[in-house]
Amino acid sequence: MGSLKGKDILHGNQFSKRDIDTIIKNASYFEKELKKKKALNLLEGKILATLFFEPSTRTRLSFEAAMQRLGGGVISLGSVESSSVAKGETLTDTVRTASQYADVIVIRHPRTGSAREAAEAVSTPIINAGDGTGQHPTQALLDIYTIYKELGSLKNLVVSIIGDLKNGRTVHALVELLSLYQTQFYFVSPGALRMPEEITSNLTQRGIKIEETEDMLKATNASHLIYMTRIQKERFTDLSEYERVKGSYIIDEAFLKKLKKKITILHPLPRVDEISTEVDDYPGAAYFRQMRNGVFVRMALLAMVLEGIP
Ligand code: NCD
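Summary of the structure given here. (Residues numbered from 1 in each chain as written. Predicted model: local features only at pLDDT ≥ 70, side-chain atom pairs only at ≥ 80, totals over all residues. Heavy atoms only, no water.)

1. Some details on the site of the ligand
Around the ligand, the neighbouring residues are Thr59, Arg108, His136, Gln139, Arg169, Thr170, Arg230, Gln232, Pro268, Leu269 and Pro270. In this structure, arginine 230 approaches the ligand through a side-chain N or O atom, which is 2.9 Å from an oxygen atom. Leucine 269 has a polar backbone atom sitting 3.0 Å from a nitrogen atom of the ligand. About the coverage of the ligand: the protein hides 93% of its 320 Å² of free accessible area. (Near = heavy atom within 4 Å. Polar contact = N/O pair within 3.5 Å; in protein donor to acceptor, adjacent residues only side chain to side chain. Areas by Shrake-Rupley, 256 points an atom, 1.4 Å probe, with all protein chains shown as cover.)

2. Quick word on the pairing of strand E2 (residues 73–76)
Pairing geometry for strand E1 (residues 47–52) and E2, over 4 bridges, is parallel. In the sheet register, isoleucine 47 faces E2, and the bridge partner there is glycine 73. Since E1 and E2 lie parallel, the crossover through helix H2 (residues 58–69) that links them has a hand, and here it is right-handed. (Pairing = 2+ DSSP bridges. Helix = DSSP H or I, 4+ residues; strand = E, 2+ residues; numbered from the N terminus. Right-handed = clockwise from strand over helix to strand, strands pointing away.)

3. Points about H2
Spanning 12 residues, H2 covers 16 Å between terminal C-alpha atoms, matching the ideal 16 Å at 1.5 Å per step. Residues of H2 that are buried: Thr59, Arg60, Ser62, Phe63, Glu64, Ala66 and Met67. Packing partners of the buried residues in H2 comprise E1, E2, strand E3 (104–109), strand E4 (126–131), helix H5 (137–151) and helix H11 (287–307). Positive backbone phi, approximately 90°, marks glycine 71, located one or two places after H2. (Expected span 1.5 Å × (residues − 1). Buried < 20%, exposed > 50% of the residue type's maximum accessible area, 1.4 Å probe, protein only. Contact = heavy atoms within 4.5 Å.)

4. Structural notes on the pattern of salt bridges
For the structure shown, the criterion picks out 17 salt bridges. The partner of aspartate 93 in a salt bridge is arginine 96, and the shortest N-O contact between them spans 2.9 Å. Pair noted here: aspartate 93 and arginine 96 are both in helix H3 (residues 91–101), with a separation of 3 residues, about one helical turn. Among the salt bridges present, the one from arginine 244 reaches glutamate 241, with a minimum N-O distance of 3.1 Å. You can see arginine 244 and its partner glutamate 241 sitting in helix H9 (residues 239–245), 3 residues apart, about one turn around the helix. Take arginine 244: its relative accessible area is 58%, and that puts it in the exposed class. By sharing partners, the salt bridges in this structure join Glu31, Lys35 and Lys149 into a single network. (Salt bridge = Lys/Arg side-chain N within 4 Å of Asp/Glu carboxyl O.)

Shown next, in the form of structure tokens:
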């Protein structure tokens, strides 16, 4: 892909290993700089617009924090109810508007493909912060940064991805990135929430080893890393189906006792009940460090998109 300057960030598959190396290097640079001082001025005068049509805590706050730590400004669409979206304005018109006021737009929307539609409508760089059950590439990049920091390498890992693999956009993006490093995957989910066939067949065609199973303990005991996810209640049309599958997989102290060795645990958050709070003090529980890393990775991405830093 080369320089990110002026580019959109839409999908996990747009990144090469070289791009990922650069992002890790830049994120780690900003992490160190922030230890020395609270704010940099690299993006002074630049404006980020955040358009969130779905709930968010970490993604939005960390993007806004990242922009402000780099000296830039942030404008945002408050809530859907308080904007002209409530009057029936289309996504494209809202994005066109934001592009008149901002230098980069971060968008989250319930429709799969919405970020790409937005990118086609304007020349301002669009960053996909989650399009329905599609993709969430910046989350995947911060996951990769976290894995690199926690495990020291990205190569030849065995990874158990657990939970709602059908609807989870974070894992759809993450497998794209991890598959560049000869990762072996266990996909652990209830039958109804399996990884979409187009993703598994693409991985298999590329020679990536995957095993789909419902057995969390077996998968976990063979893995270096657990990536836990929330059952995405908001994607269910039939709530009785949600009730049937919720709580299928839970990591608690009793489960940790059954593990043969220490394991690293990631989760994009928010969690509901799939990781008990008693696990939070376990040394391998990395999900709070993971959320903090979001700021450094998003600083790197904003600086690369807006300033073209190498
Ligand atoms: C995720 C999302 O919105 O896709 N959250 C996040 O961005 N960290 C995961 C989720 O909602 O379960």
